[in-house]
Number of protein chains: 2
Amino acid sequence: MLSKPAPVTMDAVYTAPGYLFRRMQQIAVSIFVEECKAFDLTPVQYAALVTIHTHPGIDATRLSAVIAFDRSTLGNVIERLESKALIERKPSRDDKRVKLLHLTKSGAAVLSDIMPLVERAQVRMLQPLKPADRKALLRLLTQLVDLNNEASRVPLRAEDALEHLGKAG
Amino acid sequence: MLSKPAPVTMDAVYTAPGYLFRRMQQIAVSIFVEECKAFDLTPVQYAALVTIHTHPGIDATRLSAVIAFDRSTLGNVIERLESKALIERKPSRDDKRVKLLHLTKSGAAVLSDIMPLVERAQVRMLQPLKPADRKALLRLLTQLVDLNNEASRVPLRAEDALEHLGKAG
DNA sequence: GCTATATTGTAAGTATACTGTCAATTTGGA
DNA sequence: TCCAAATTGACAGTATACTTACAATATAGC
């Protein structure tokens, strides 16, 4: 026997994992921006700063692989960071196509000042849960993001991107 | 004694809940678009269609509250749905400021055709986890989104938005 | 050494997602 | 009733996040 199609309710939206992920991302960005409003820095810009600090002389394409950003999107992000004088772009001697990224003094100062605020924001996002639930959620989310890595259009390629990044500049 | 500041590593990015939420949202959108590519419909457009179907004659402002979207963003979404002839906008008799939203026949057909594909996408997002872990993650995420509702710039206001939406048109 | 292929940065185009502001309209209070 | 305040849809501006395309350059295979 064929059963009738279920009636459409708002549950088709509210209980969908995709809706919850979008909503949580919205909330996370709100909290981040609020905590860091003194610095006019977005979550994406922060991730880029941390990565350039950790890997001085990285180029834009590798950076995009290390933080799982689209290469085109990252172009604009880099532009904004450069116009705020937080990073510098210098042509590579080895490869004329490449531009190497470094933090400026100002960029390093901003990064070190903003890190405690970012930490506060991260804590706030999970605050409403009980400590054990925070741990459980983080564990499941880390696992799911890792297992779904290839499903995203811009998979994380941390090791691949960095294995050729020696002490060269 | 003052302790030295911890050295900055990529963990400042990778283990932050905010990074994991952004990454998971990225993955979720990728999977949605891939499953639904036959229909050229985005997750946001889908949520709008479901809501307009469930609440015919809703206006844009209430719609934004029901799915927790920014009102300005929603304006563009509605425009696109209208230009694809999936919805209609009609002026209200009661309030000259308001435009009421309804699905077209084509919109209703698309919605009913796309729902199984959306369901498949939602399943795929959690597929890599063990069934018990899927349930646990959904439960924690639902709880966290609910408890953090006010932290977002556009809180969900389902009941408020709908309590005045009677049979009027 | 020369050529097919790949990589890099960049640009244009689309779609969220937010910040403001604004005019038209409605509503509530004095 | 009349005026201040709120609401609604629209617009401009910024910032992700993706697509495709392109020119300059580099690399690999022959």
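(A) Representation of the interface of chain A and chain B within the structure. Counting from both sides, the interface comprises 51 residues of chain A and, opposite them, 51 residues of chain B. Of all the secondary structure elements, the ones that give two or more residues to the side of chain A that touches chain B are α1 (11-14), α2 (17-35), α3 (43-54), α6 (105-126) and α7 (131-147) of chain A. The element best represented in the side of chain A that touches chain B is α2 of chain A, accounting for 15 residues. Among the residues forming the side of chain A that touches chain B, the class breakdown is 34 nonpolar, 13 polar and four charged.

(B) Region of interest: α7 of chain A. Over its 17 residues, α7 of chain A extends 25 Å from the first C-alpha to the last, a length consistent with the 24 Å expected when each residue adds 1.5 Å. Those residues of α7 of chain A lying buried are Leu 137, Leu 140, Leu 141, Leu 144 and Val 145 of chain A. Projected down its long axis, α7 of chain A carries its buried residues within an arc of 130 degrees, all on one side. Across from the buried face of α7 of chain A, at angles greater than 90 degrees, the exposed residues are Pro 131, Ala 132, Lys 135 and Asp 146 of chain A. On the buried face of α7 of chain A, the contacting elements are α6 of chain A together with α2 (17-35) and α7 (131-147) of chain B.

(C) Here's a closer look at the nonpolar core. Judged by nonpolar contacts, the single largest core of 94 residues is most densely connected at Met 24 and Ala 48 of chain A together with Met 24 and Ala 48 of chain B. Ignoring sequence-local partners within four residues, the contact set of Ala 48 of chain A consists of Leu 63, Ile 67, Val 77 and Leu 81 of chain A.

(D) Layout of the protein's contact with DNA strand D. With respect to spatial proximity, 26 residues lie near DNA strand D, and among them Thr 42, Asp 70, Ser 72 and Lys 96 of chain A together with Asp 59 of chain B are the closest. At the level of elements, α3 and α5 (71-83) of chain A together with α2, α4 (60-66) and α5 (71-83) of chain B are the ones that each hand at least two residues to the surface near DNA strand D. In terms of residue count, the dominant contributor to the surface near DNA strand D is α5 of chain A (five residues). Here the residues of the surface near DNA strand D sort into six nonpolar, 10 polar and 10 charged.

(E) Here's a closer look at the protein's contact with DNA strand C. Close contacts around DNA strand C come from 27 residues, with Asp 59 of chain A together with Thr 42, Val 44, Ser 72 and Lys 96 of chain B the closest. Taken together, the elements giving at least two residues each to the surface near DNA strand C come down to α2, α4 (60-66) and α5 of chain A together with α3 (43-54) and α5 of chain B. Residue contributions to the surface near DNA strand C peak at five residues, all from α5 of chain B. For the surface near DNA strand C, a count of residues per class yields six nonpolar, 10 polar and 11 charged.

(F) Expanded view of α3 of chain A. Along its 12 residues, α3 of chain A runs 17 Å from first to last C-alpha, staying within 8% of the 16 Å computed at 1.5 Å per residue. Taken together, the buried positions of α3 of chain A are Pro 43, Val 44, Gln 45, Tyr 46, Ala 47, Ala 48, Leu 49, Val 50, Thr 51, Ile 52 and His 53 of chain A.

(G) Fine view of the packing of α3 of chain A against α6 of chain A. All names here are of chain A. For the pair α3 and α6, interaxial distance at closest approach is 10 Å and the crossing angle is 120 degrees. On the basis of the axis angle, α3 is oblique to α6. Seen along the crossing, α3 lies across α6 with a hand that is left-handed. Here Tyr 46, Leu 49, Val 50 and His 53 of α3 come into contact with α6, specifically with Gly 107, Ala 108, Leu 111, Ile 114 and Val 118.

Analysis parameters
- Residues numbered from 1 in each chain as written.
- Chains lettered and ligands numbered in written order.
- Predicted model: local features only at pLDDT ≥ 70, side-chain atom pairs only at ≥ 80, totals over all residues.
- Contact = placed C-beta atoms within 7 Å.
- Helix = DSSP H or I, 4+ residues; strand = E, 2+ residues; numbered from the N terminus.
- Nonpolar A, V, L, I, M, F, W, Y, C, P; charged D, E, K, R; others polar.
- Expected span 1.5 Å × (residues − 1).
- Buried ≥ 20, exposed ≤ 12 C-beta atoms within 10 Å, placed from the backbone.
- Arc of directions from axis to C-beta.
- Core = buried A, V, L, I, M, F, W, Y, C linked by C-beta atoms within 7 Å.
- Near = placed C-beta within 6 Å.
- Axes fitted to C-alpha atoms, helices over the stretch in contact; angles between N-to-C directions.
- Parallel < 35°, antiparallel > 145°, perpendicular 65-115°, else oblique.
- Left-handed = near helix turned anticlockwise from the far one by under 90°.

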